Amino acid sequence: MNNVLKDYANLLCLYWSAVKKLESSGNAEFFKDDWLQANWELIVERQLGGFDLYLEVYGAGADCNGESSRVLFPNKQATHNIILSPKNEDKIYDFLGEGDIDNTFGEVIFQRFVTIKEDGWYYEEPPFDMIEALYRNEIIIAEFDAINIELGIISSEDNSK
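As the structure is a computational prediction, the values presented were derived from the model and not from experiment.

Cut-offs and rules
Residues numbered from 1 in each chain as written. Predicted model: local features only at pLDDT ≥ 70, side-chain atom pairs only at ≥ 80, totals over all residues. Heavy atoms only, no water. Helix = DSSP H or I, 4+ residues; strand = E, 2+ residues; numbered from the N terminus. Rg over C-alpha atoms; globule rule 2.2 N^0.38 Å. Buried < 20%, exposed > 50% of the residue type's maximum accessible area, 1.4 Å probe, protein only. Contact = heavy atoms within 4.5 Å. Areas by Shrake-Rupley, 256 points an atom, 1.4 Å probe, with all protein chains shown as cover. Lys, Arg positive; Asp, Glu negative; His and termini not counted. Charge placed at Lys NZ, Arg CZ, Asp CG, Glu CD. Salt bridge = Lys/Arg side-chain N within 4 Å of Asp/Glu carboxyl O. Expected span 1.5 Å × (residues − 1). Bend = angle between axes of the 7 residues up to and from the residue.

Engineer: Describe the overall build of the protein, and please don't skip the residues or the numbers.
Structural biologist: Summing up its helical and strand segments, the protein has 3 helices and 8 strands in all. If you list the helices and strands of the protein from N to C, you get α-α-β-β-β-β-β-β-β-β-α. Taking 15 Å as the expected radius of gyration for a compact globule of 161 residues, we find that the protein reaches 16 Å, a close match to that expectation. Counting only C-alpha atoms and orienting by the principal axes, one finds that the protein spans roughly 45 × 40 × 25 Å. Buried positions account for 41% of the 161 residues belonging to the protein. Here the contacts in the protein between residues at least 6 apart in sequence split such that 59% fall between residues at least 24 apart. Of the accessible surface of the protein, which amounts to about 9000 Å², a share of 48% is contributed by carbon and sulfur atoms. Looking at charge distribution, the protein has the averaged site of its 13 positive side-chain charges lying 4 Å from that of its 30 negative ones.

The structure is reproduced here in structure tokens:
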């Protein structure tokens, strides 16, 4: 599964300048978010589970379908999320909080790819080597190469919130 997400991050790096150029041209207010979500659904969802798996939206999700943040199947609810676990150690290092996250106290849930600049803050831009995730409703930033990816099943109770 890590390879599927790595391929998506590579796609972002490859097309990012073109996406930003189109976004700044003023042709579509939410072009970037729609493009990210459409490719997330086409590339990541389909490789991970076919047509019966629907992931939580990528980043902010799309704005092209009214109240839905999805592009292809706007009426579908997320059935799965992406859970991060440490690759080689017991804990995930949070670059934002500058400390270890013990994921035995809660799931670390993927949100989007980012990068950290020299100022210590994270940005949505290449090389997309870091992951913004949620841990106990707080944003953390983890290094992509230091984590494993697993699919988590979202219960119907989670979808009703």
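Engineer: Explain the pattern of salt bridges residue by residue, including any values.
Structural biologist: Tallied over the full model, the rule gives 9 salt bridges. Connected via shared salt-bridge partners are Lys32, Asp33, Arg112, Glu124 and Glu132.

Engineer: Residue-level account of the environment of Gly152, with values.
Structural biologist: Within the secondary structure, Gly152 sits in strand 8 (residues 147–153). Along the primary structure Gly152 and Leu55 are separated by 97 residues, whereas in three dimensions their C-alpha atoms are 9.4 Å apart. The contacts of Gly152, once residues within four sequence positions are left out, are Thr79, His80, Asn81 and Ile83.

Engineer: Any chance you could break down helix 1 (residues 2–24) for me, citing the residues and the numbers?
Structural biologist: Spanning 23 residues, helix 1 covers 31 Å between terminal C-alpha atoms, matching the ideal 33 Å at 1.5 Å per step. The axis of helix 1 is deflected most strongly, by about 60°, at Tyr15. Among all positions of helix 1, only Asn2, Val4, Leu5, Tyr8, Ala9, Leu11, Leu12, Trp16 and Val19 are buried. Looking at the packing, one finds that the buried side of helix 1 touches helix 2 (31–49), strand 1 (80–86), strand 4 (108–116) and strand 8.

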